[in-house]
Amino acid sequence: RVALRPGGPHARSRLRALQAAVLTLTLTLTLTPLPAQAGPQLLAEADTGKVLAARDAGVPWHPASLTKIMTLHVALSAVRDGLLSPDAPVTISAKAAAAPPSKSGLPAGSKVPLQDALRAMAVRSANDLAIAVAEAVAGTEEAFVRMMNDAARGLGLTATRFENASGLHHPRQVTTARDMAVLSIAVRRMHPEVSEMTASTEAAVGGRRVRTTNALLSSYPGANGMKTGYICASGFNIVVTADRDGPGLVAVVL
C-alpha cells in the first residue's frame, strides 16, 4: 500500500503551477468558451507520498479514462507474474471494435502485441484497446474488472469501484482524488516502465500511429504522464506526473 502524508507550507506555489497548466489544458480542449472549474485535487511527492496540497480529495467522482491507470497496473502485473508475455497477442473483439471513441479504430479480428496495445492505450486513451487488453488478460472484461477491484482493495483504494476497463461512463464507477494519487504513485513504483510509456507523445499499433491526449507533455517541463480523461458526467480529469530536480510530483485534478 501507498501512504499519503500531510505536507508543509510551500505547497501552494507548486500546486498553483500545476493547476495553471491543467486548467490551460482544459480550456484548450474545451470546444466552447466556458470557464474552467477544478473540483477535487491533490498534489503529492511521488517518492514519499507526502501530500503538498489537497482540496476535496475524498469527494466521490467518476474517473473517466483515469480508469486506464488501473488497467495498465493489472495488465503489467500479469506480465510481471508470468501469466502472459509482453508479446502475447491481443485480439480486437467485436465488443472492443464497437467501443465509442477515443479508440485506435483497428477492425475486429486485428491482433497486436500486448506491449503495443498497452502503449497505444496509454497514449491515445483508446477504449477499444482497453477492452481488448482486459479480454486478453482475463478472458472477459467482467473477469478483468474483478481483478481491478481486487487490486484496488490491495492498494488501499477505499473509495474506488470499477465497472469496466476503459472508463466509459457507468454510474457506479467512482473514485476520489486521493485514491487516484495512491494508485498513480503505486504504479510508478511497481512498474517503472509506465513513466516512459506515458511520456510518449505518439505510439504505433497495428500499422497505425496514434497521438497523445495529454498536451501537458509538450507544455509543462518535466511532465512524463500520466493520464487524461473526459466524460460528460465528470468533466475533464487528469493525473499529471512530473520529474525535474528534487522529488517527483503527482497531481490529480478532477
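This write-up is about the structure you can find in this document.

Cut-off values and rules
Residues numbered from 1 in each chain as written. Predicted model: local features only at pLDDT ≥ 70, side-chain atom pairs only at ≥ 80, totals over all residues. Heavy atoms only, no water. Pairing = 2+ DSSP bridges. Helix = DSSP H or I, 4+ residues; strand = E, 2+ residues; numbered from the N terminus. Axes fitted to C-alpha atoms, helices over the stretch in contact; angles between N-to-C directions. Core = buried A, V, L, I, M, F, W, Y, C linked by side-chain atoms within 4.5 Å. Buried < 20%, exposed > 50% of the residue type's maximum accessible area, 1.4 Å probe, protein only. Contact = heavy atoms within 4.5 Å. Polar contact = N/O pair within 3.5 Å; in protein donor to acceptor, adjacent residues only side chain to side chain. Expected span 1.5 Å × (residues − 1). Left-handed = near helix turned anticlockwise from the far one by under 90°. Nonpolar A, V, L, I, M, F, W, Y, C, P; charged D, E, K, R; others polar.

### Observations concerning the sheet that holds strand S8 (residues 235-242)
Thinking step 1. Strand order across the open sheet formed by five strands is S2-S1-S9-S8-S7, with antiparallel pairing between neighbours. In this open sheet, the two edge strands, each paired with only one partner strand, are strand S2 (51-55) and strand S7 (223-231). The average undirected angle you get between the axes of adjacent strands in this sheet is 5°.
Thinking step 2. Bridge analysis of S7 against S8 gives eight bridges, and the strand direction is antiparallel. Within S8, the residue paired with Thr228 across the bridge is Ile238.

### Some thoughts on the nonpolar core
Thinking step 1. Of all hydrophobic cores here, the largest spans 63 residues; its most connected members are Met70, Leu118, Leu129, Met148, Leu183 and Val239.
Thinking step 2. In terms of residues, this core owes the most to one element, helix H7 (residues 177-190), which gives eight residues.
Thinking step 3. Residues in contact with Leu129, not counting those within four places in the same chain, are Ile92, Ser104, Leu106, Ala117, Ala120, Met121 and Val205.
Thinking step 4. Counting twelve residues, the second-largest nonpolar core is a separate cluster that includes Leu216, Leu217, Ala223 and Ala251.

### Focus on the side chain of Ser166
Thinking step 1. With respect to the helices and strands, the residue Ser166 is situated in the loop between helix H6 (141-155) and H7.
Thinking step 2. In terms of polar contacts, Ser166 uses its side chain to reach the backbone amide nitrogen of Leu168, at 3.1 Å.
Thinking step 3. The contact partners of Ser166, leaving out residues within four places of it in the chain, are Ala64, Ser65, Thr67, Lys68, Asn127, Ala130 and Glu141.

### Some points on the pairing of S2
Thinking step 1. Summarising the sheet, strand S1 (residues 41-45) and S2 pair through four bridges and their orientation is antiparallel. Following the sheet pairing, Gln41 is matched in S2 by Arg55.
Thinking step 2. Between S1 and S2, which follow one another and run antiparallel, lie five residues, and Gly49 among them has a positive phi close to 80°.

### A few points about unusual backbone geometry
Thinking step 1. The peptide bond linking Pro101 to Ser102 adopts the cis configuration, its omega dihedral lying at 5°.
Thinking step 2. Mapping Ser102 onto the fold places it in the loop between helix H3 (94-97) and strand S4 (111-113).
Thinking step 3. For the bond running from Gly225 to Met226, omega is 5°, close enough to zero to count as cis.
Thinking step 4. Structurally, the position occupied by Met226 is in strand S7.
Thinking step 5. The residue Ala64 is not glycine, and still its phi comes out positive at about 50°.

### Points about helix H5 (residues 127-138)
Thinking step 1. If you check H5, its first and last C-alpha atoms are 17 Å apart, about what twelve residues at 1.5 Å a residue would give, namely 16 Å.
Thinking step 2. Among the twelve residues in H5, ten count as buried, and that is most of the element.
Thinking step 3. Listed in full, the buried residues belonging to H5 are Asn127, Asp128, Leu129, Ala130, Ile131, Ala132, Val133, Ala134, Glu135 and Val137.
Thinking step 4. Against helix H2 (67-80), strand S3 (89-91), H3, helix H4 (114-124), H6 and strand S5 (202-205) lie the buried residues of H5.
Thinking step 5. At the C-terminal side of H5, Gly139 shows a positive phi close to 95°.

### Here's the deal with the packing of H2 against H5
Thinking step 1. One can describe the packing of H2 onto H5 by two numbers: an axis separation of 10 Å at closest approach and a directional angle of 30°. For the pair H2 and H5, the crossing hand works out as left-handed. Of the residues in H5, those in contact with Lys68, Thr71, Ala75 and Ala78 of H2 are Asn127, Ala130, Val133 and Val137.
Thinking step 2. Of the residues contributing to the contact of H2 with H5, the split by class is five nonpolar, two polar and one charged.

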